[in-house]
Amino acid sequence: MRMKKLKIWFLTFFRDLFLYHNSSLEFRAKLFAAIIGANKHVDSCEKELLNQVAREIYPDDEARADVFVMTTIEYVTKIIQHNGLDLNELILAIDAELRDVKRFCEKVDIEKLRRFLVCSEDDEETQLIQQRILEFLENEVKNFSKL
């Protein structure tokens with residue numbers, strides 16, 4: 001088990017070099033980080049859902065799924081700790097990537113993202129922010145996939 005964690009850490013740290021289509025994984029991680037980061041914490045609900053979604057996105061590649069989870073958590077941690085990234089900056093980066101890389105529109109799975117709302121169901125403000133993020137993404141995908 002220790003060797004597996006070391007391998008995942010290594011792949012996460014050097015994902016630019018060793019992962020095929022790393023930009024796609026990074027983009028997806030940003031999407032999920034935006035929804036989770038709006039909640040301002042990561043508890044067992046988010047972790048379990050993120051692991052489940054990762055296995056759905058990458059069913060035949062456990063290492064890639066693990067790197068996706070770690071990358072997403074890395075972005076969320078930066079948002080929560082105000083460590084060089086805030087939610088608005090992340091959303092602007094997502095928007096720019098959608099505009100520049102049209103194939104990323106296909107990577108936005110609103111239903112998978114929407115599943116994270118259950119983790120904040122007792123916090124109306126967080127749910128409102130998450131809902132606005134989802135609406136924004138839906139609109140941007142519609143706009144950019146037409147181009």
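Up top is the structure.
Just so it is clear, the model here is predicted, and its values are computed rather than measured. Residue numbers run consecutively from 1 along every chain, following the written order of its sequence. Where local features are concerned, this predicted model is filtered to residues with pLDDT of at least 70; where side-chain atom pairs are given and counted, the filter is 80 or more; whole-chain, interface and lining totals use all residues. With hydrogens and water stripped out, all remaining heavy atoms of the structure feed into the side-chain values.

Visitor: How should I be thinking about helix α6 (residues 87–100) in this particular structure?
Guide: The periodicity of an α-helix, 3.6 residues per turn, causes residues three or four positions apart to be oriented the same way. Helix and strand assignments follow DSSP, with helices taken as H or I runs no shorter than four residues and strands as E runs no shorter than two, numbered in order from the N terminus. Given a helix with a known number of residues, its expected span is that number minus one, times 1.5 Å. Here α6 is 14 residues long and its end C-alpha atoms lie 20 Å apart, about the 20 Å a rise of 1.5 Å per residue gives. Turning to α6, its buried residues number three or more, namely Leu87, Leu90, Ile91, Ile94, Asp95, Glu97 and Leu98. All buried residues of α6 lie within an arc of 165° about the axis, which places them on one face of the element. Facing away from the buried side of α6, by more than 90 degrees, are the exposed residues Asn88, Leu92 and Asp100. Lining the buried residues of α6 we find α3 (22–37), α5 (62–80) and α8 (124–146). Partly exposed residues are those whose accessible area sits between 20% and 50% of the maximum for their type, while under 20% is buried and over 50% is exposed, using a 1.4 Å probe and protein chains only. Our arc is simply the arc of the directions from the helix axis toward the C-beta atoms. Residue contacts are defined here by distance: any two heavy atoms, one from each residue, within 4.5 Å place the two residues in contact.

Visitor: In this structure, what is going on with the packing of aromatic side chains? I would like to understand it.
Guide: A ring pair, where both rings are aromatic, is described by two values, the distance of the centres and the angle of the planes. Here the aromatic set is Phe, Tyr and Trp, taking the six-membered ring for Trp, and pairing holds for ring centres within 6.5 Å; pairs whose planes are under 30 degrees apart are stacked, those over 60 apart are edge-to-face, and all others are tilted. In this structure the tally under the stated criterion is four aromatic pairs. With 4.6 Å between their ring centres and 15° between their planes, Phe27 and Phe104 make a pair best called stacked. Here Phe104 lies in the loop between α6 and α7 (110–114) and Phe27 lies in helix α3, a separation of 77 residues in the sequence. The exposure classification of Phe27 matches that of Phe104, with both residues buried. When the ring of Phe32 is compared with that of Phe116, the centres are 5.7 Å apart and the planes differ by 65°; the resulting orientation is edge-to-face. One end of the pair, Phe32, is in helix α3; the other, Phe116, is in the loop between α7 and α8, and 84 residues separate them in sequence. Judged by relative accessible area, which is 1%, Phe116 ranks as buried.

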